[in-house]
Amino acid sequence: MSSSSSAGAPVLSFRQRLTWGAHLFKALFYQYHREFAERIAPLVPEDGVIADVGAHSGQFAKLFSRMVPSGRVHAFEPGGYALSILRPVVRLCRLRNVEIVPAGLSDMPGKEVLNVPLKKRGTLGFGLAHIGAELSGRNVVSQEIQLTTLDLFVHERNITRLDFIKADIEGAEYHAFCGAKGIISGARPMIAFEHQARRDAERFGYSEQDFFSLWRELDYSLISVFGREITPANWGEPNAHDIFAVPNEEKNAHREIVSLSIIRAIEDLLQAEDGA
């Protein structure tokens, strides 16, 4: 069962408004993912450019803003509820180098439906908002969203530099990367993303071959948080869900940061926000 909302934030019940206040408070005053940021900071210069794909309530945007004080953070977030939190966070935390882009990323521009699951108590599980059917059977709030591609976005703004991409968009990462081949090939950013292998592939209509062909075409290697290279042979294993994609010409240098000391930080990519 689903209910629909307009392009803006959904209409909230009294309980949901109370929870929204708690979500905003947490977004403003809590800080997750510190260890993750500390580990990637040496790889991103202070004037760097970062794409935060699936910016949610701004936890990563806050960290990235401090990492690149003379750079730029492009925070992509299409969800109305998430935007209703992200916007005041960026304003009140004075994240002047963060640009909020109210759109999702895919392999072509257009429109889609974003489904936000409802928790048992009726509050919005906005950390699990996703395109596509809700497989858990939970009720959802549905919202039409705008999609663009990262290549189109950087072309429109004449952006040629990109140092880091963080993507956490509930399985739609593959299509977002397909729409970013140009900037990835040219700028060679390091990429961190979550990937549920066959589950995501089946849900979003691509194959194992498609997935690995993309990274071969881009000349990137995939490394798990355990430092193990991800190949078709171990694709989908439990320890291969949180991934660094690294340019092959810098593979050894990047591998140094992918170690057991950051497992908790990388696995935290979704856990803290999913529980919001």
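Here the structure is a predicted model, which means the values were calculated and not measured. (Residues numbered from 1 in each chain as written. Predicted model: local features only at pLDDT ≥ 70, side-chain atom pairs only at ≥ 80, totals over all residues. Heavy atoms only, no water.)

Draft legend 1. Broad picture of the side chain of Glu99. Relative to the assigned elements, Glu99 resides in strand β4 (residues 98–101). Looking at Glu99, its side chain comes within polar contact range of the side chain of His74, at 2.8 Å. When neighbours within four sequence positions are excluded, Glu99 is seen to be in contact with Arg72, Val73, His74, Ala75, Phe153 and Arg157. (Helix = DSSP H or I, 4+ residues; strand = E, 2+ residues; numbered from the N terminus. Polar contact = N/O pair within 3.5 Å; in protein donor to acceptor, adjacent residues only side chain to side chain. Contact = heavy atoms within 4.5 Å.)

Draft legend 2. The packing of aromatic side chains, seen in detail. Taken as a whole and assessed by the stated rule, the structure comprises 16 aromatic pairs. An angle of 50 degrees between the planes, with centres 4.9 Å apart, marks the rings of Phe25 and Phe29 as tilted. Of this pair, Phe25 and Phe29 both sit in helix α1 (residues 14–29), four residues apart, roughly one helical turn. Taken together, the ring pairs connect Phe177, Phe193, Phe211, Phe212, Trp215, Tyr220 and Trp235 into an aromatic cluster. (Phe/Tyr/Trp six-rings, centres within 6.5 Å; stacked < 30°, edge-to-face > 60°.)

Draft legend 3. Seen up close, the nonpolar core. Counting 58 residues, the largest nonpolar core has Leu150, Phe193 and Trp215 as its most contacted members. Trp215 has contacts with Phe177, Ile191, Phe193, Tyr220, Leu222 and Ala245, leaving out every residue within four places of it along the chain. Ranked by size, the runner-up nonpolar core spans 25 residues in total, among them Val44, Val68, Ala75 and Phe164. (Core = buried A, V, L, I, M, F, W, Y, C linked by side-chain atoms within 4.5 Å. Buried < 20%, exposed > 50% of the residue type's maximum accessible area, 1.4 Å probe, protein only.)

Draft legend 4. Spotlight on unusual backbone geometry. Located in the positive-phi region is His33, a residue other than glycine, with phi close to 70 degrees. Looking at the element boundaries, His33 is found in the loop between α1 and α2 (34–40). The backbone of Arg188 sits at a positive phi, close to 60 degrees, despite the residue not being glycine. Among the structural elements, Arg188 can be located in the loop between α7 (181–187) and β10 (190–194). For Arg188, a relative accessible area of 18% corresponds to the buried category.

Draft legend 5. Looking closely at the side chain of His175. By the element assignment, His175 lies in helix α6 (residues 173–178). On the basis of relative accessible area, His175 is assigned to the buried category, the value being 16%. Non-local contacts of His175, meaning those with residues more than four positions away in its chain, are made with Ser106, Asp107, Phe204 and Tyr206.

Draft legend 6. Molecular detail of the pairing of β10. The buried fraction of β10 is high, at five of five residues. Side-chain alternation along β10 places Met190, Ala192 and Glu194 on one buried face and Ile191 and Phe193 on a second face that is also buried. Pairing between strand β9 (residues 164–167) and β10: four bridges, direction parallel. Of the residues in β10, the one forming a bridge with Lys166 is Ala192. Both β10 and strand β12 (residues 242–247) contribute to a ladder of four bridges, which runs antiparallel. Bridge pairing in β12 places Ile191 opposite Ala245. (Pairing = 2+ DSSP bridges.)

Draft legend 7. Seen up close, the sheet that holds strand β3 (residues 72–76). Read across the open sheet, the seven strands follow the order β4-β3-β2-β9-β10-β12-β11; overall the sheet is mixed. In the strand order of this sheet, the two ends are held by β4 and β11 (220–224), each with one partner. The mean inter-strand angle of the sheet, taken between neighbouring strand axes irrespective of direction, is 15 degrees. (Axes fitted to C-alpha atoms, helices over the stretch in contact; angles between N-to-C directions.)

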